[in-house]
Protein chains: 2
Amino acid sequence: MPEPTLDITGWTCPAPLRETPRIVMGHGGGGALSAELVEQIFAPAFGGDILAQLGDSAALTLGGLRLAFSTDSYVVRPLFFPGGSIGDLAVNGTVNDLAMSGARAAYLSCGFILEEGIDMPVLARVAEAMGAAARAARVEVATGDTKVVEAGHGDGIYLNTAGIGLIPAGVDLRPQRVVPGDVVIVSGDIGVHGVAIMSVREGLEFGVEIESDCAALGGLVETMLAVTPDLHALRDPTRGGLAAALNEIAAASGTGIALQERAVPIPPTVGNACAILGLDPMYVANEGKLIAFVPRAHADAVLDAMRAHPLGAGAAIIGEAVEAHPGMVVAHTSLGGTRVVDLPVGEQLPRIC
Amino acid sequence: MPEPTLDITGWTCPAPLRETPRIVMGHGGGGALSAELVEQIFAPAFGGDILAQLGDSAALTLGGLRLAFSTDSYVVRPLFFPGGSIGDLAVNGTVNDLAMSGARAAYLSCGFILEEGIDMPVLARVAEAMGAAARAARVEVATGDTKVVEAGHGDGIYLNTAGIGLIPAGVDLRPQRVVPGDVVIVSGDIGVHGVAIMSVREGLEFGVEIESDCAALGGLVETMLAVTPDLHALRDPTRGGLAAALNEIAAASGTGIALQERAVPIPPTVGNACAILGLDPMYVANEGKLIAFVPRAHADAVLDAMRAHPLGAGAAIIGEAVEAHPGMVVAHTSLGGTRVVDLPVGEQLPRIC
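The rules behind the values
Residues numbered from 1 in each chain as written. Chains lettered and ligands numbered in written order. Predicted model: local features only at pLDDT ≥ 70, side-chain atom pairs only at ≥ 80, totals over all residues. Heavy atoms only, no water. UniProt positions renumbered as here; feature names shortened; annotations may be inferred. Helix = DSSP H or I, 4+ residues; strand = E, 2+ residues; numbered from the N terminus. Rg over C-alpha atoms; globule rule 2.2 N^0.38 Å. Buried < 20%, exposed > 50% of the residue type's maximum accessible area, 1.4 Å probe, protein only. Areas by Shrake-Rupley, 256 points an atom, 1.4 Å probe, with all protein chains shown as cover. Lys, Arg positive; Asp, Glu negative; His and termini not counted. Charge placed at Lys NZ, Arg CZ, Asp CG, Glu CD. Contact = heavy atoms within 4.5 Å. Axes fitted to C-alpha atoms, helices over the stretch in contact; angles between N-to-C directions. Left-handed = near helix turned anticlockwise from the far one by under 90°. Nonpolar A, V, L, I, M, F, W, Y, C, P; charged D, E, K, R; others polar. Pairing = 2+ DSSP bridges. Arc of directions from axis to C-beta. Least-squares fit on C-alpha atoms with pLDDT ≥ 70 in both. Phe/Tyr/Trp six-rings, centres within 6.5 Å; stacked < 30°, edge-to-face > 60°. Lys NZ or Arg CZ within 6 Å of the ring centre and 35° of its normal. Salt bridge = Lys/Arg side-chain N within 4 Å of Asp/Glu carboxyl O. Polar contact = N/O pair within 3.5 Å; in protein donor to acceptor, adjacent residues only side chain to side chain.

- An unreviewed UniProt entry lists chain A under the name Hydrogenase, with Streptomyces natalensis ATCC 27448 as the source organism.
- What UniProt states about chain A under its Sequence similarities (unreviewed entry) heading is, verbatim, "Belongs to the HypE family."

Structure (structure tokens):
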């Protein structure tokens, strides 16, 4: 039987984004609306060079050193959820953004925006979670700031962290280095963080409690780079999930990405929860997983090293970069068909991180 | 006539801070309540070393380089005010925190927390103001992030910036280096930013419009360091005003600070506005001014260099570090008396930056 071919005749990129006159929740979702904000508002204001870097960690040169520099704000609701808290997210999220440049996070800043009236023990628990997460990731919280806004102008605690770290010599991880033939590896089960948040937020019961996979990936990345510094690109599939991360890399590299849908590790609890809720696990946020684009010659060795690391035990090859359908992610389904995996417009579930 | 002496018999430090069970506006004011948060919540959670650095820029070592690293969140209301906007503040505030370590800001991160429903042109104006301020300060916005929260959980736009810059060789600016005999110089009129915010927020008319002094001080600091790298400490007197900045340095250095009250430059518009509102200009926030602790031998040359710079034209010597009353700031009044200038508990006016 011939391999089914993908008919993309007449397919176009998602419709030109609506010029929304006001900010909507989707502008914070890490999808097409977020990209629109960068293109239409931030890039013109800050200068064009910045476009490619916004939303990711930036690789900089300062005093002859190569540094990674990244920031994220955290507005997750609720503040505490199975497997973590806003404090864990704020440390691990920024540590992971730096790790995606190959950098071991060295220092974090933290900025608190507190809502008047929150209980001091709540703040203390968040700070303790940050401290514990920082020690686990071996990063130092070096500087901070606290602002307070009136009751009704916040939601308990908003957090921002920025981080800096050194990029090791010989490491050059960026989507533009991805070439056809690169193997796509995911470090483990996807969709876990988003479903964990949703289950507690919506009071849903799925028989078993689903815990967020929130974790710091610096050690896993070091393990991978010890196999070869010549990885091409890494990405943590947070807001917008695996689909957004793959689409961003396809767009930036100009290659196509062919995904073997049945190879994507989706735990039954996540699959069942998503089925009930009408969600696609490919679009659900993660916070302790990464995807790697690895030259084929190194793929098996990198996969073995990942599987030997506690945070990569469930690592799997899920596809490859291809010359066909440049800029587009195409999933080969378990039924033998194909489908285009689009960049999401917003986020299925806001305030996930 | 003998010099009036200061009778501090029976004077004690501000009463041990109330153990407030909830966050109040004053916890974000940069005064004693902010210090309490750091001591009681953040320092124990993050580790003791961080205590002295929180609330200021941190001097770090990374890959053999000496870096300054700082962050601030901005929640000023309204977003636009005479002389500036939240975008100007977000750039200049962090650039200035770095400058207080002697570092020229090189890169900024920016994190937006947007409230659902704000008009896109408002966001665009803020982003444009940030871009223009960054170009003026010769700093690059290198990485960013956007989150959106539901209407009623924000106040239009909250902003965070973090910044990094190189500390030049031979420069070591910190409060601990202040010694008795150091001359205290302020770079110009105080109280302007706070009164500008207040006038627009409260719809007050003082006959003339008072514009914020919001500006980036990196160039002024370079000019000062060109006279001598051996400045002892710099501080930008933002939240809590001149009083908070001087108290922090007195406490950290263990020296006393003797202030000549009549030498403190307070423009008549600020003085009049404060008189009407019952405020003390010493406690009103600034965002384009600095105070410098300079060895006596260099004081005149540094003062001359400051006055030759547009942002230091109104520079003045306002006092000195002394052996008497260690850790305490004492003002010698124009009537020949003395008074203790306390660390404020909170901030006279919240959400000033």
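## Quick look at the overall build of chain A
1) Next: Secondary structure assignment for chain A yields eight helices and 14 strands.
2) Next: A compact globule built from 353 residues should have a C-alpha radius of gyration of about 20 Å, and chain A, at 20 Å, falls within 12% of that.
3) Next: Oriented by its inertia axes, the alpha-carbon framework of chain A measures out at about 65 × 50 × 45 Å.
4) Next: When each of the 353 residues of chain A is scored for burial, the buried share is 61%.
5) Next: A total of about 12,700 Å² of accessible surface is found on chain A, and carbon and sulfur atoms cover 54% of it.
6) Next: Positive and negative side-chain charges in chain A, numbering 20 and 39 respectively, have mean positions lying 2 Å apart.

## Considering the side chain of B:N92
1) Next: Inspection of the secondary structure assignment puts B:N92 in helix α2 (residues 86-99).
2) Next: Setting aside its immediate chain neighbours within four residues, B:N92 contacts B:A133, B:C214, B:A215, B:A216 and B:E287.

## Comments concerning the packing of α2(B) against helix α3 (residues 120-136) of chain B
All names here are of chain B.
1) Next: One can describe the packing of α2 onto α3 by two numbers: an axis separation of 7 Å at closest approach and a directional angle of 35°. Seen from above, α2 lies across α3 with right-handed handedness. Contacts from I86, G87, D88, A90, V91 and N92 of α2 reach α3 at V126, A129, M130, A133 and A134.
2) Next: Here the residues of the contact of α2 with α3 sort into eight nonpolar, two polar and one charged.

## As for the sheet that holds strand β8 (residues 183-186) of chain B
Adjacent strands of a sheet pair through backbone hydrogen bonds, lying either parallel or antiparallel.
All names here are of chain B.
1) Next: The sheet built from seven strands is open, its strands ordered β9-β11-β8-β12-β10-β13-β14 with mixed pairing. Either end of the sheet is taken by a strand with one partner, and the two such strands are β9 (233-235) and β14 (338-340). Sheet twist, expressed as the mean angle between neighbouring strand axes with direction ignored, is 25°.
2) Next: Examined bridge by bridge, β9 and strand β11 (residues 291-294) share three bridges and lie antiparallel to one another. What sits directly across from A233, in β11, is F293.
3) Next: The sheet strands contacting helix α6 (residues 241-253) are β8, β9, β10 (256-260), β11, β12 (316-322) and β13 (329-332), and the helix crosses β11 at an angle near 30°.

## With respect to helix α7 (residues 268-277) of chain B
All names here are of chain B.
1) Next: Along α7, the positions that sit buried rather than exposed are V270, A273 and C274. Each buried residue of α7 lies within a common arc of 100° when the element is viewed along its axis, so the set occupies one face. Those residues of α7 that are exposed and aimed more than 90 degrees away from the buried face are P268, N272, A275 and I276.
2) Next: Buried residues along α7 sit in contact with α4 (192-201).

## Brief notes about the relation of the copies chain B and chain A
1) Next: Aligned on chain A, chain B shows an RMSD of 0.0 Å; the corresponding rotation is 180° and the shift along the axis is 0.0 Å. This pairing of chains is accounted for by a two-fold axis.
2) Next: Both copies share a contact surface, since 100% of the interface residues of chain B are interface residues in chain A too.

## A closer look at the sheet that holds strand β11 (residues 291-294) of chain A
Residues and elements named next belong to chain A.
1) Next: Here we have seven strands laid out as an open sheet, ordered β9-β11-β8-β12-β10-β13-β14, and mixed in their pairing. Bordering the open sheet on either side are β9 (233-235) and β14 (338-340), each of which pairs with just one other strand. The mean angle between the axes of side-by-side strands here comes to 25°, regardless of whether they run parallel or antiparallel.
2) Next: Where strand β10 (residues 256-260) lies against strand β13 (residues 329-332), four bridges are found, and the strand directions are parallel. Looking across to β13, one finds that I257 is bridged to V329.
3) Next: In the packing of helix α8 (residues 296-307) onto the sheet, contacts are made with β8 (183-186), β11 and β12 (316-322), and the angle to β8 comes to roughly 10°.

## A look at the packing of aromatic side chains
1) Next: A complete count under the given rule lists four aromatic pairs over all chains for this structure.
2) Next: Ring geometry for A:F42 and B:F112: centres 4.7 Å apart, planes at 25°, overall stacked. Here the residue A:F42 occupies a position in helix α1 (residues 32-46), and B:F112 occupies one in strand β5 (residues 104-115), the pair thus bridging two chains.
3) Next: Take B:F112: its relative accessible area is 1%, and that puts it in the buried class.
4) Next: The ring of A:F80 is capped by A:R125, whose NZ or CZ atom sits 3.8 Å from the centre of that ring.
5) Next: A cation over an aromatic ring shows up here: A:K147 above the ring of B:Y74, its NZ or CZ 5.6 Å from the ring centre.

## With respect to the interface of chain B and chain A
1) Next: Between chain B and chain A, the contact holds 80 residues from the first and 80 residues from the second.
2) Next: There are ten salt bridges connecting chain B and chain A.
3) Next: The salt bridge involving B:E150 is made with A:R351; its shortest N-O contact spans 2.5 Å.
4) Next: Remark: the boundary between chain B and chain A carries 30 residue pairs in polar contact (both at pLDDT 80 or more).
5) Next: Sorting the residues of the side of chain B that touches chain A by element identifies α1 (32-46), β1 (58-62), β2 (65-74), β5, α3, β6 (140-149) and β7 (157-166) of chain B as the ones contributing at least two each.

## What about the pairing of strand β7 (residues 157-166) of chain A?
Residue and element names in this part refer to chain A.
1) Next: Buried residues dominate β7, accounting for nine of its ten residues.
2) Next: Bridging between strand β2 (residues 65-74) and β7 involves eight bridges; their strand directions are antiparallel. Within β7, the residue paired with S70 across the bridge is G163.
3) Next: Direction of pairing for strand β5 (residues 104-115) relative to β7: antiparallel, over a ladder of ten bridges. Looking at the pairing, C110 lines up with T161 of β7.

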